[in-house]
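# A look at the structure
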Amino acid sequence: MKPVVVTDPPRADPAQVARLAGYGVATVHEALGRSGLLGPDLRPIQDGVRVGGTAVTVLCWPGDNLMVHAAVEQCREGDILVVTTTSPCRDGLFGELFATALRHRGVRGLVTGTGVRDVAELRALGFPVWSAAVSAQGTVKATAGAVNVPVVLGGQVIRPGDAVLADDDGVMRVRREDVRSGLEAARARQDKEAAAREAFANGQLGLDRYGLRAKLEALGVRYLTAEEYAKEQA
């Protein structure tokens, strides 16, 4: 890894990213062919928050948050800070003071594969965080890393300027080139879900709406009465 801070990388359109986030991670993930999800390990420290922003990426050494300090300067309104480390680390690399500085710059939240601290204060500030751990373990500021370079988090490559969406269901990445088409796909998915919701509210079964009875039959699933089943088990 070369120590570097890349300034002002290309970003997805912030207004489009905000609209995309409004559909929710689960809907956008489905709409984009179930791609981009960062997995189940990144969990929110708050409930009921849905955000989207453009990624400012940070690659730190384990137990060292020097490059998070460097990244703050590179953040601007509508960004989300994405922090990872060169090898697994659950130390508390981020806390209230960082959040205060980022909030001043209009940053919409933090996504990190590390730990965070000052959870009560972060909630009180209303600064959204998704992290792999909560830890009071302190850190040092000693080793150079990188800012605004591609990083890997949750098995996904996140480039600076990509869209990052986060809510109670998790976190996902949408490539900045795909945000516009993602909006169209998410809108279509939302319409499909709305139609299904109305049908289910009126009593239709998923078995019938999605044509699943034929699939069950093809898979050899049989319908037996309790008496018939008991006889087969005897």
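A brief structural summary. These numbers come from a predicted model, not from an experiment.

Reading the values: rules and limits
- Residues numbered from 1 in each chain as written.
- Predicted model: local features only at pLDDT ≥ 70, side-chain atom pairs only at ≥ 80, totals over all residues.
- Heavy atoms only, no water.
- Helix = DSSP H or I, 4+ residues; strand = E, 2+ residues; numbered from the N terminus.
- Buried < 20%, exposed > 50% of the residue type's maximum accessible area, 1.4 Å probe, protein only.
- Contact = heavy atoms within 4.5 Å.
- Areas by Shrake-Rupley, 256 points an atom, 1.4 Å probe, with all protein chains shown as cover.
- Lys, Arg positive; Asp, Glu negative; His and termini not counted.
- Charge placed at Lys NZ, Arg CZ, Asp CG, Glu CD.
- Phe/Tyr/Trp six-rings, centres within 6.5 Å; stacked < 30°, edge-to-face > 60°.
- 1 Å grid on protein atoms, 1.4 Å probe; cavity = no way out; pocket = protein on both sides within 12 Å on 5 of 7 lines; lining within 4 Å.
- Points joined across faces, edges and corners; volume = space filled by probe spheres on them.
- Salt bridge = Lys/Arg side-chain N within 4 Å of Asp/Glu carboxyl O.

Of the regular secondary structure elements, the protein holds 9 helices and 12 strands. For the C-alpha atoms alone, the extent of the protein along its principal axes is close to 70 × 45 × 35 Å. Across the 234 residues in the protein, those meeting the buried criterion constitute 43%. Within the protein, residue pairs in contact and separated by at least 24 positions form 75% of the contacts whose partners lie at least 6 positions apart. With an accessible surface of roughly 12100 Å², the protein has 52% of that area assigned to carbon and sulfur atoms. With 28 positive and 28 negative side-chain charges, the protein shows a separation of 3 Å between the mean positions of the two kinds.

Right, let's talk about the packing of aromatic side chains for a bit. The full count for this structure, using the stated rule, is 3 aromatic pairs. Ring centres of phenylalanine 94 and phenylalanine 127 lie 5.9 Å apart, and the angle between their planes is 20°; this geometry places the pair in the stacked category. Linking phenylalanine 94 in strand E5 (residues 92–94) with phenylalanine 127 in the loop between helix H5 (119–125) and strand E7 (129–134), this pair joins segments that are 33 residues apart in sequence. Both residues of the pair, phenylalanine 94 and phenylalanine 127, belong to the buried class. Each residue in the set Phe94, Phe98 and Phe127 is aromatic and connected to the rest through ring pairs, giving one cluster.

One number sums up the size of the largest pocket: a volume of about 230 Å³. What lines the largest pocket is a set of 14 residues, and nearest its centre among them are Thr84, Arg90, Gly113, Leu153 and Gly154. Breaking the lining of the largest pocket down by element, the ones donating at least two residues are strand E4 (79–85) and strand E9 (151–153). Each pocket or cavity is described by its volume, and for the second largest pocket that value is around 180 Å³. Contributing to the lining of the second largest pocket are 13 residues, with Asn65, Gly95, Leu97, Phe98 and Arg117 lying nearest its centre. Secondary-structure elements contributing two or more residues to the lining of the second largest pocket are E5 and helix H4 (96–104).

With that settled, the discussion passes to the pattern of salt bridges. Within the structure shown, the criterion is met by 13 salt bridges. With a closest N to O distance of 3.0 Å, aspartate 178 and arginine 175 form a salt bridge. Under the relative-accessibility criterion, aspartate 178 is labelled partly exposed at 25%. Judged by its relative accessible area of 38%, arginine 175 falls in the partly exposed class. A salt bridge links lysine 231 to glutamate 227, with the shortest nitrogen-to-oxygen separation between them at 3.7 Å. With lysine 231 and glutamate 227 both in helix H9 (residues 226–233) and 4 residues apart, the pair spans about one turn of that helix. Here lysine 231 and glutamate 227 have matching classes, each one exposed. Three or more residues are tied together by salt bridges with common partners; here these are Asp8, Arg11, Arg76 and Asp79.

Such coordinate-based values are descriptive only and should not be taken to indicate function.
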